[in-house]
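# What the coordinates show
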Amino acid sequence: MTAELYTALVTATEAGVTSDDGFLSLDVHEPEKLGGPGETTNPEQLMAAALASCLVQSLRIAVGTVEGSMDSVAVEGTVVLTDSDSSGYDARFSLKVQLPDVEDPDAVLAQAVSICPFLKVIESVDVSLG
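Keep in mind the model is a prediction, meaning the values are calculated, not measured.

### Regarding the overall build of the protein chain
When helices and strands are counted, the protein chain shows three helices and six strands. Taken along the three principal axes of its C-alpha coordinates, the protein chain extends 45 × 35 × 35 Å. In the protein chain, which comprises 130 residues, the proportion classed as buried is 26%. Put simply, the protein chain shows about 8800 Å² of open surface, and 52% of that area lies on carbon and sulfur atoms. For the protein chain, the distance from the average site of its 5 positive side-chain charges to the average site of its 21 negative ones is 5 Å.

Shown next as structure tokens:
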């Protein structure tokens, strides 16, 4: 049996998203380019932020196993929406990782990707050193 370690609870409404602990409270709307009002964050930005920040936390663990520093580590998350062959949109996800102060960045990145819970379940995320 798998032990539950943490549960995040967020409620989304037409107006935005709010977490049960109150730390997250954002207006969320479609971007202007997709016919929304813009001027707020959008789901695509939240997804890019979630993927990038999850990998940063996994990198923190991986960097702790080698010589290196997290001081200059950065992960740039990108979500690209495209037309779908069926209905709605399709999405492409990519993460560009900077590991300037880490010995053997390829190995550290591979370890981080293997332990990142989001990357374990979301297929086709392009992760690269940049």
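### Observations concerning helix α2 (residues 105–115)
Restricting attention to buried positions, one finds in α2 the residues Val-108, Leu-109 and Ala-112. Down the axis, α2 shows its buried residues gathered within 95 degrees of arc, on one side only.

### Topic: a nonpolar patch on the surface
Judged by side-chain polarity, Val-10, Leu-24 and Leu-26 come together as a nonpolar surface patch covering roughly 200 Å² of accessible area. Checked against the element boundaries, Leu-26 lands in strand β3 (residues 25–27). In this structure Leu-26 comes out as partly exposed when scored by relative accessible area, which is 32%.

### A look at the packing of helix α1 (residues 43–63) against α2
At a minimum axis distance of 8 Å, the contact between α1 and α2 shows a crossing angle of 125 degrees. One finds that α1 runs oblique with respect to α2. In the packing of α1 onto α2, the handedness of the crossing is right-handed. Counted together, Leu-55, Ser-58, Leu-59, Ile-61, Ala-62 and Val-63 of α1 and Val-108, Leu-109, Gln-111, Ala-112, Val-113 and Ile-115 of α2 form the full contact between these two elements. Here the contact of α1 with α2 is built from residues that sort into ten nonpolar, two polar and no charged.

### Looking at the nonpolar core
By size, the foremost hydrophobic cluster in this structure holds 22 residues, and its most contacted members are Leu-55, Leu-59, Leu-95 and Leu-99. Listed by contribution, the elements that provide at least two residues to this core are α1, β4 (74–83), β5 (89–98) and α2. The element best represented in this core is α1, accounting for eight residues. Sequence-distant contacts of Leu-99, defined by excluding residues within four places in its chain, comprise Leu-59, Val-73, Pro-105, Val-108, Leu-109 and Leu-129.

Reading guide: rules and limits
- Residues numbered from 1 in each chain as written.
- Predicted model: local features only at pLDDT ≥ 70, side-chain atom pairs only at ≥ 80, totals over all residues.
- Heavy atoms only, no water.
- Helix = DSSP H or I, 4+ residues; strand = E, 2+ residues; numbered from the N terminus.
- Buried < 20%, exposed > 50% of the residue type's maximum accessible area, 1.4 Å probe, protein only.
- Areas by Shrake-Rupley, 256 points an atom, 1.4 Å probe, with all protein chains shown as cover.
- Lys, Arg positive; Asp, Glu negative; His and termini not counted.
- Charge placed at Lys NZ, Arg CZ, Asp CG, Glu CD.
- Arc of directions from axis to C-beta.
- Patch = residues over 30% accessible without salt bridge, like charges linked within 9 Å, V, L, I, M, F, W, Y side chains within 5 Å.
- Salt bridge = Lys/Arg side-chain N within 4 Å of Asp/Glu carboxyl O.
- Axes fitted to C-alpha atoms, helices over the stretch in contact; angles between N-to-C directions.
- Parallel < 35°, antiparallel > 145°, perpendicular 65-115°, else oblique.
- Left-handed = near helix turned anticlockwise from the far one by under 90°.
- Contact = heavy atoms within 4.5 Å.
- Nonpolar A, V, L, I, M, F, W, Y, C, P; charged D, E, K, R; others polar.
- Core = buried A, V, L, I, M, F, W, Y, C linked by side-chain atoms within 4.5 Å.

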